[in-house]
Amino acid sequence: MARKPHRNGRGLFLGAVLGAVVGALLGRAAGMAVPGALLGAVVGAAVLYRINPGPWNRD
């Protein structure tokens, strides 16, 4: 039986929030905070949704 890849809804939310903050800060330095925050939220959510393993005691 094939194992399902790690996916986690909390990682999706946390990635969106952290990505938005980092993207806003980097975008603000570049002169466009809102597009930076949106792009950072999308990228952060995608990355943490995929790589965050979730709880240790999964079956």
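Structure: above.
Predicted, not measured: the structure shown is a model, and the values here were computed from it.

Details of helix H1 (residues 9-30)
Phase 1 of the analysis: For H1, spanning 22 residues, the distance from its first C-alpha to its last is 31 Å, which sits close to the expected 32 Å at 1.5 Å a residue.
Phase 2 of the analysis: Where the residues of H1 are buried, they touch helix H2 (33-51).

Observations regarding H2
Phase 1 of the analysis: Here H2 is 19 residues long and its end C-alpha atoms lie 26 Å apart, about the 27 Å a rise of 1.5 Å per residue gives.
Phase 2 of the analysis: Among the residues of H2, those classed as buried are Gly-36, Ala-37, Gly-40, Ala-41, Gly-44 and Ala-45. All buried residues of H2 project into a common sector of 155 degrees when viewed along the axis, lining one side. Away from the buried face of H2 by more than 90 degrees, exposed residues Leu-38, Leu-39 and Val-42 are located.

Structural notes on a nonpolar patch on the surface
Phase 1 of the analysis: A cluster of nonpolar side chains, contributed by Phe-13, Val-17, Val-21 and Leu-25, occupies part of the molecular surface with about 400 Å² of accessible area.
Phase 2 of the analysis: Tracing the backbone shows Phe-13 in helix H1.

Some thoughts on the environment of Gly-23
Phase 1 of the analysis: Structurally, the position occupied by Gly-23 is in helix H1.
Phase 2 of the analysis: Gly-23 sits in the buried class, given a relative accessible area of 9%.
Phase 3 of the analysis: It is 7.2 Å that separates the C-alpha atoms of Gly-23 and Ala-41, two residues lying 18 residues apart in sequence.
Phase 4 of the analysis: Dropping the residues within four chain positions of it, Gly-23 is found in contact with Ala-33, Gly-36, Ala-37 and Gly-40.

The rules behind these values
Residues numbered from 1 in each chain as written. Predicted model: local features only at pLDDT ≥ 70, side-chain atom pairs only at ≥ 80, totals over all residues. Heavy atoms only, no water. Helix = DSSP H or I, 4+ residues; strand = E, 2+ residues; numbered from the N terminus. Expected span 1.5 Å × (residues − 1). Contact = heavy atoms within 4.5 Å. Buried < 20%, exposed > 50% of the residue type's maximum accessible area, 1.4 Å probe, protein only. Arc of directions from axis to C-beta. Patch = residues over 30% accessible without salt bridge, like charges linked within 9 Å, V, L, I, M, F, W, Y side chains within 5 Å. Areas by Shrake-Rupley, 256 points an atom, 1.4 Å probe, with all protein chains shown as cover. Salt bridge = Lys/Arg side-chain N within 4 Å of Asp/Glu carboxyl O.

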